[in-house]
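# Chain and residue survey
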Amino acid sequence: MKKYLVLALGTILFCGGATAQWTVGVRGGWTSTTISRYNGGRMDEAYSALGGIEAGVQGSYTFNSWLAVRANLSFMQRSHRMDRNLNYLDPVFTEHINSYLMLPVVADFSFGGERLRGHMLAGVYGGYWLHERHRGKTFWMTDYYVYFEDFDEPREFTSEDVRTNAGTCFGAGLSYSIGDKWVVGLDAMYYYDLTSHHKGSPHLADPRYLNTLSLSLNVNYKL
């Protein structure tokens, strides 16, 4: 098995020897995140997507004209919203503003001309949950009235939270070379959690997975 791996790596390096190159750059863009969660009898809760931002740095190593490996370290907001859909609680909602540090590593398969190229991207990622903020509208009741109140506050992490996560990612992009050294690109990526960010109760499974669509612009320099 080892000799086949060495042979495969040697073939890639041999084929890419003439065009192998390091590239570094910066990236930034917009995210939209939904949550996948077991209902668990919460029939009055409805979940929806929230937008956010992404910003970070990236690097890539090009083996040949069609294959590269890319990694980036990004600050990413992966937020979502919960609405209560009972008639008398319609105004009640909570927005979960989550901040993550994300590290995806993807294979970059490219095609096209010398300047304008298309890209197919697929790989894995790891992440770390940095911070969460809650904002929205809550309620409290008396014998005769229901009162509503706005809130906006940070949430402290508990022993039920899982702050490290991992998953798969895939997407597509376009890039355009400006001169011999600069490349600008536009990527659409989808991040799918394979680990829950909530431990849940041993008596009631309650996994919670985040799914994020990212649209980002990147500017890169060929070393």
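The preceding data block contains the structure.
Residues numbered from 1 in each chain as written. Predicted model: local features only at pLDDT ≥ 70, side-chain atom pairs only at ≥ 80, totals over all residues. Heavy atoms only, no water.

This paragraph deals with the pairing of strand β9 (residues 182-193). Judged by which residues are buried, β9 turns out to be one-sided: V183, G185, D187, M189, Y191 and D193 face inward and are buried, whereas W182, V184, L186, A188, Y190 and Y192, on the alternate face, are not. Pairing analysis gives 12 bridges linking strand β8 (residues 164-178) to β9, with the strands arranged antiparallel. Counterpart to G173 in the pairing with β9 is D187. Counting the residues in the hairpin turn of β8 and β9 gives three residues, including G179, whose phi is positive at 70 degrees. Where β9 and strand β10 (residues 208-222) come together, 11 bridges link them in antiparallel fashion. Note that in β10 the partner of Y190 across the bridge is L213. (Buried < 20%, exposed > 50% of the residue type's maximum accessible area, 1.4 Å probe, protein only. Helix = DSSP H or I, 4+ residues; strand = E, 2+ residues; numbered from the N terminus. Pairing = 2+ DSSP bridges.)

Let us look at the pairing of strand β3 (residues 67-77). Here nine bridges tie strand β2 (residues 45-62) to β3, and the two strands are oriented antiparallel to one another. Looking across to β3, one finds that G56 is bridged to S74. The hairpin formed by β2 and β3 contains four residues between the paired strands. Sheet analysis places β3 next to strand β5 (residues 93-112), joined by nine bridges and oriented antiparallel. Across the sheet, the residue bridging to R70 is V106, located in β5.

Moving on to the pattern of salt bridges. Under the criterion given, the structure shown has 12 salt bridges. The salt bridge involving R155 is made with E132; its shortest N-O contact spans 2.9 Å. Pair noted here: R155 is in the loop between β7 (146-154) and β8 and E132 is in strand β6 (residues 116-141), with a separation of 23 residues, a long-range link. In this structure R155 comes out as partly exposed when scored by relative accessible area, which is 22%. Overall, E132 belongs to the buried group, its relative accessible area being 4%. The salt bridge involving R133 is made with D152; its shortest N-O contact spans 2.6 Å. One end of the pair, R133, is in strand β6; the other, D152, is in strand β7, with 19 residues separating them in the sequence. Using a relative accessible area of 46% as the deciding quantity, one classes D152 as partly exposed. In this structure, a network of salt bridges that share partners links the residues R27, E54, R70, D108 and D187. (Salt bridge = Lys/Arg side-chain N within 4 Å of Asp/Glu carboxyl O.)

Function-wise, these values are silent; they only describe arrangement.
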